[in-house]
Protein chains: 2
Amino acid sequence: MLQGVSRYDAYIFDVQGTLMDFYTPVTRAVAHALGPDADPATVGDLVRAWRSDYYERILRLDQSVEKWYRVQDSYVDGLGDVCEQFGIDLPKDVRVETARAWQRLEAWPDVRPGLNELRSQAVVATLSNTDMATMIALFRDQQLEADAILTAELFGAFKPERFLYERTCRYLGVDPFRAAMVASHPYDLRAAREVGLNTVFVYRPLENGRVEDSVDDTEGEFDHRIEDLRDIP
Amino acid sequence: MLQGVSRYDAYIFDVQGTLMDFYTPVTRAVAHALGPDADPATVGDLVRAWRSDYYERILRLDQSVEKWYRVQDSYVDGLGDVCEQFGIDLPKDVRVETARAWQRLEAWPDVRPGLNELRSQAVVATLSNTDMATMIALFRDQQLEADAILTAELFGAFKPERFLYERTCRYLGVDPFRAAMVASHPYDLRAAREVGLNTVFVYRPLENGRVEDSVDDTEGEFDHRIEDLRDIP
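Just so it is clear, the structure is predicted and the values come from calculations on it, not from any experiment.

1. Topic: the relation of the copies chain B and chain A
With an RMSD of 0.0 Å, chain B superimposes on chain A once it is rotated by 180 degrees and translated 0.0 Å along the axis. Such a turn and shift between the copies fits a two-fold axis. Relative to the rotation axis, the closest C-alpha in chain B is found at alanine 148 of chain B, a distance of 3.3 Å. Here 100% of the contact residues of chain B are again contact residues in chain A; the copies associate through an equivalent surface.

Structure below.
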């Protein structure tokens, strides 16, 4: 949809799910940990439960800029709890190794060309709920480029806290109404909208591995809905 | 000097002076403001005085992450004081316009190829004493790429405060002894060394417009001394 002039001066991207597929690499790691006899349906359910546990878990963490509990470590903790729910026993070292899969996310195919085209016209930044080092490594690994990598660790707090969106705009030197938050998760876009940002919903049907577990914006809650980053307004 | 494997895992760069020439664009702007009758020697002296004033000034600022007084605004304040010292009267709007030159720095010729080569082997980040928006715009304007743009604004404090160097290493996911601070200013490298970082001194003979005003590491105080980023160890 871009035709030489972008609609907004800056685009702020959620990463996990929106720019990158976590389900494929994490499912692969869980299947490997559980061994060849594991039921694929159970593996998928465990990955989805692990993802939910992560989100609930980080909202309970008492974080600050000075003292940061690494989000990647909370995946290890979470896998322990989820395995217990599923009646599965995995040794600690296997859980640690399996949790590393959350640092090996894979960019959806539209992301690299989409970001590159967008970046020739506007400021492109991340705003992710993870650790800085993880995000820097992921962007290097997936050969993605941004003007600024911002993550929760810099703020000592997680989305959807409002001040993260406000301060991201300050850091980028852009008024919220001249910028857009881009995400596949409604909670993220709703919070961004409250500080005046425009909203771009990205439909990722396989984010959770099954179309029936996907989230869509069928009612047109947000300013724009896209299925491919190359269609970004 | 790079031969396929970099010596360190991450390189942290000072920007103003080290990666970019401020003297040329700022001198041009000051000469323009003072008009065709201005003595070039006076213009040069004023630029050097302005630069010194900036450094003294930011160290006195009471900054925080929440409330940030834009460094770029302190250039406007500083120009007022420096003009007074020089017995020069410039209207406020001319001072504001002239101070914008500090947002139009020019990368030294070795910087773009040097950073690109380095970045194929190691993490490359900035740690600059300026505002985030200025640095993001400068990197875009000069077509430079980094894995992370970090500036004083994110920390609410300026170099050479030690915690900036420590936390930069945390953000990059690297132990200080596996990383290097790269700068043309001894005060910056000395502080970095105190937290365990390796030090790369970059000799920039024309940083202040005249070789006699340059700073060198003739006594070998730092781990490495280079004159071209392509020679980075």
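2. Remarks on the interface of chain B and chain A
On the side of chain A, 24 residues touch chain B, which itself brings 24 residues to the contact. For the pairing of chain B and chain A, the buried interface totals around 2,100 Å² over both sides, and the portion due to carbon and sulfur atoms is 48%. By the criterion of area lost to chain A, the three top residues of chain B are Arg140, Arg170 and Tyr171 of chain B, representing 30% of everything that side buries. Run the count over chain B and chain A and you get six salt bridges. Notably, a salt bridge pairs arginine 170 of chain A with glutamate 153 of chain B, separated by 2.8 Å at the nearest N-O pair. Where chain B touches chain A, the interface holds 16 residue pairs in polar contact (both at pLDDT 80 or more). Sorting the residues of the side of chain B that touches chain A by element identifies helix H6 (132-141), strand S5 (148-151), helix H7 (152-155) and helix H8 (162-172) of chain B as the ones contributing at least two each.

3. As for unusual backbone geometry
Residue and element names in this part refer to chain A. The omega angle of the peptide bond from lysine 159 to proline 160 is 10 degrees, so this bond is cis rather than trans. As for its placement among the helices and strands, proline 160 is situated in the loop between helix H7 (152-155) and helix H8 (162-172). Here glutamine 143, not a glycine, exhibits a phi torsion of approximately 55 degrees, which is positive. Inspection of the secondary structure puts glutamine 143 in the loop between helix H6 (132-141) and strand S5 (148-151). By relative accessible area, glutamine 143 is classed as exposed at 58%.

4. Some details on the domain arrangement of chain A
Residue and element names in this part refer to chain A. Taken domain by domain, chain A comprises domain 1 (10-21 + 105-231) and domain 2 (23-103). Centre-to-centre, using C-alpha coordinates, domain 1 lies 23 Å away from domain 2. Counting residues at the interface gives 26 residues for domain 1 and 23 residues for domain 2. When domain 1 packs against domain 2, the two sides together hide about 1,900 Å² of surface, and 51% of this comes from carbon and sulfur. Its largest share of buried area at the contact with domain 2, domain 1 owes to Gln16, Asp131 and Phe158, together 27% of the area lost on that side. Here arginine 51 and glutamate 207 are joined by a salt bridge, their closest N and O atoms 3.6 Å apart. Where domain 1 touches domain 2, the interface holds 10 residue pairs in polar contact (both at pLDDT 80 or more). For the side of domain 1 that touches domain 2, the elements supplying multiple residues, two or more each, are H6 and H7. In terms of residue count, H7 provides more of the side of domain 1 that touches domain 2 than any other element does, four residues in total. Of the residues assigned to the side of domain 1 that touches domain 2, the class counts are 10 nonpolar, eight polar and eight charged.

5. Observations concerning the pattern of salt bridges
For the structure shown, the criterion picks out 48 salt bridges over all chains. Ionic pairing is found between arginine 204 of chain A and aspartate 110 of chain A, a salt bridge with its closest N-O pair at 3.0 Å. Pair noted here: arginine 204 of chain A is in the loop between strand S7 (198-202) and strand S8 (224-226) and aspartate 110 of chain A is in the loop between strand S3 (106-107) and helix H5 (111-119), with a separation of 94 residues, a long-range link. What makes arginine 204 of chain A buried here is its relative accessible area of 6%. Judged by relative accessible area, aspartate 110 of chain A falls into the buried class, the value being 5%. Across the salt bridge formed by arginine 210 of chain B and aspartate 213 of chain B, the nearest N and O atoms sit 2.6 Å from each other. For aspartate 213 of chain B, a relative accessible area of 26% gives the class partly exposed. When salt bridges with common partners are traced through the structure, they connect Asp45, Arg48, Arg210, Glu212 and Asp213 of chain A into a single cluster.

6. Comments concerning the sheet that holds strand S6 (residues 179-183) of chain A
Residues and elements named next belong to chain A. Strand order across the open sheet formed by six strands is S5-S4-S1-S6-S7-S8, with parallel pairing between neighbours. Strands at the two margins of the open sheet, each flanked by one partner only, are S5 and S8. The mean inter-strand angle of the sheet, taken between neighbouring strand axes irrespective of direction, is 25 degrees. Together, strand S4 (123-128) and S5 form the strand contacts of H6, whose direction differs from that of S5 by roughly 145 degrees.

7. A short note on the sheet that holds strand S1 (residues 10-13) of chain B
All names here are of chain B. Judged by pairing direction, the sheet is parallel, and its six strands sit side by side in the order S5-S4-S1-S6-S7-S8 without closing on themselves. If you trace the sheet from one side to the other, it starts and ends with S5 and strand S8 (224-226), each paired once. Geometrically, the sheet is characterised by an average inter-axis angle of 25 degrees between neighbouring strands, direction not taken into account. For S1 and strand S4 (residues 123-128), the ladder comprises four bridges, and the chain directions are parallel. When the bridges of S4 are listed, tyrosine 11 appears paired with valine 124.

So, how was this worked out
Residues numbered from 1 in each chain as written. Chains lettered and ligands numbered in written order. Predicted model: local features only at pLDDT ≥ 70, side-chain atom pairs only at ≥ 80, totals over all residues. Heavy atoms only, no water. Least-squares fit on C-alpha atoms with pLDDT ≥ 70 in both. Contact = heavy atoms within 4.5 Å. Buried area = accessible area lost by both parts, 1.4 Å probe. Salt bridge = Lys/Arg side-chain N within 4 Å of Asp/Glu carboxyl O. Polar contact = N/O pair within 3.5 Å; in protein donor to acceptor, adjacent residues only side chain to side chain. Helix = DSSP H or I, 4+ residues; strand = E, 2+ residues; numbered from the N terminus. Buried < 20%, exposed > 50% of the residue type's maximum accessible area, 1.4 Å probe, protein only. Domains from an automatic or database assignment. Nonpolar A, V, L, I, M, F, W, Y, C, P; charged D, E, K, R; others polar. Pairing = 2+ DSSP bridges. Axes fitted to C-alpha atoms, helices over the stretch in contact; angles between N-to-C directions.

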